[in-house]
Amino acid sequence: MNYRHAFHAGNFGDVLKHVVLLELLDALHRKPSPVHLLDTHAGIGLYDLAGDEAQRSGEYRFGVGAVLADMAAEKQLPRYVAALKRLNPELKPGGSGLRRYPGSPWLLADSLRPDDRLTLCELHPQDAEALKRNLAAEFGRDSAVAVHHRDGFEAIKALMPPTPRRGLALIDPAFEAKDEFEILSKAVLAAQQRWATGQLAVWYPIKDQKSIESWKSALAKALKSETLCIELTVRPAKDARQMSGSGLLVINPPWQLKETLAPMLEFLKSRLIRETGGGTRITTLVKAG
Ligand SMILES: C[S@@+](CC[C@H](N)C(=O)[O-])C[C@H]1O[C@@H](n2cnc3c(N)ncnc32)[C@H](O)[C@@H]1O
């Protein structure tokens, strides 16, 4: 396991994933009944943008940095900027004062209401320990939050459906294995079979758009619930060696997610695209039954 998310925290892939995740959480929280939130590939929950890894890669500058540099960011992405401000009280319009970046576990933990539950899985032993430490330091020890040092794909089989049954799972693998898309498809279908009503948000990198299209259409044939596909590419996606964009499948999306996200994606497009031919889109992969 060589992948360390600290090099990539706050990059354009994280921005898309976390903007969408916050809208999914907001929609779930519109009803008072409690939810169970699962993060199968959690990472360490919190990232130091002044740290060696983030500074060496500089990826966050073309992600969250580019977004916040626009004075309109707070108006366009209110929930995302509010979360960044809660974590960085010194954050100013324009982006100065951004020091820490929230991983998905931080965003999920930050959203919890009294009866909600959160389960986080991380396979890297040191990252799992760091995740426990970071969450305890930020939110205190909370019996509603369980951190597992375990394989997130295996956890899908063991933990779904969760209690309470209403809720969301983020599946955000590291894509280190050659057959990770195949493993991911199997995991998504297993999750859907066990937890038909659960919302699933599934992140994937886009290198070569053609191979992504064939992966999605094969998966679509086996999926049984409404599925949206939300993508952002920063340049034309034609080079299998380079990540040019990323996407999220949202299975069982909340009502009007497409409409809510459309203006946000327009804003992200204006801030994040680096070459002609990049773009954003929301498509329906599987129609509501
Ligand atoms: C893309 S990062 C997660 C980022 C995080 N979800 C976020 O948005 O802040 C993927 C994480 O999965 C971990 N990982 C890799 N294989 C795993 C597996 N089979 N089960 C659980 N975690 C795994 C990696 O160590 C890495 O921390």
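My aim in this report is to walk through the structure given alongside it, one point at a time. The model shown is predicted, which means the values in this text are computed figures rather than measured ones.

Quick notes on the rules
- Residues numbered from 1 in each chain as written.
- Predicted model: local features only at pLDDT ≥ 70, side-chain atom pairs only at ≥ 80, totals over all residues.
- Heavy atoms only, no water.
- Core = buried A, V, L, I, M, F, W, Y, C linked by side-chain atoms within 4.5 Å.
- Buried < 20%, exposed > 50% of the residue type's maximum accessible area, 1.4 Å probe, protein only.
- Helix = DSSP H or I, 4+ residues; strand = E, 2+ residues; numbered from the N terminus.
- Contact = heavy atoms within 4.5 Å.
- Pairing = 2+ DSSP bridges.
- Right-handed = clockwise from strand over helix to strand, strands pointing away.
- Axes fitted to C-alpha atoms, helices over the stretch in contact; angles between N-to-C directions.
- Arc of directions from axis to C-beta.

**Points about the nonpolar core**
Point 1. Ranked by internal contacts, the top residues of the largest apolar core, which has 90 residues, are Leu 37, Val 64, Leu 77, Tyr 80, Leu 168, Ile 230 and Leu 268.
Point 2. When residues in this core are grouped by element, the largest group, ten residues, is from helix H1 (residues 12-28).
Point 3. Residues within four places of Leu 268 in sequence aside, it is in contact with Val 15, Leu 16, Val 67, Leu 77, Leu 232 and Ile 273.

**Points about the pairing of strand S4 (residues 117-121)**
Point 1. Most of S4 is tucked away, with four of its five residues classed as buried.
Point 2. By the bridge criterion, four bridges tie strand S1 (residues 36-39) to S4 in an arrangement that is parallel. Within S4, the position partnered with Asp 39 by the bridge is Leu 120.
Point 3. Handedness of the crossover joining S4 and strand S5 (residues 145-148) through helix H7 (residues 125-139): right-handed.

**Observations concerning the sheet that holds strand S6 (residues 167-171)**
Point 1. With respect to topology, eight strands assemble into an open sheet ordered S5-S4-S1-S6-S7-S9-S8-S10, the strand pairing being mixed. The outermost strands of the open sheet, each flanked by one partner alone, are S5 and strand S10 (279-286). Taken over all neighbouring pairs, the strand axes of this sheet differ in orientation by 15° on average, direction set aside.
Point 2. Pairing of strand S7 (residues 199-206) with strand S9 (residues 245-251) involves seven bridges; the strand directions are antiparallel. Along S9, the bridge assignment pairs Pro 205 with Ser 246.
Point 3. Packed on one face of the sheet, H7 meets S4 and S5 and runs near 160° to S5.
Point 4. Docked against the sheet, helix H11 (residues 257-272) engages strand S8 (227-233), S9 and S10, running at close to 150° with respect to S10.

**Structural notes on helix H5 (residues 78-87)**
Point 1. For H5, the complete set of buried residues consists of Tyr 80, Val 81, Ala 83, Leu 84 and Leu 87. Seen from one end, H5 has its buried residues packed into an arc of 155°, which puts them on one side.

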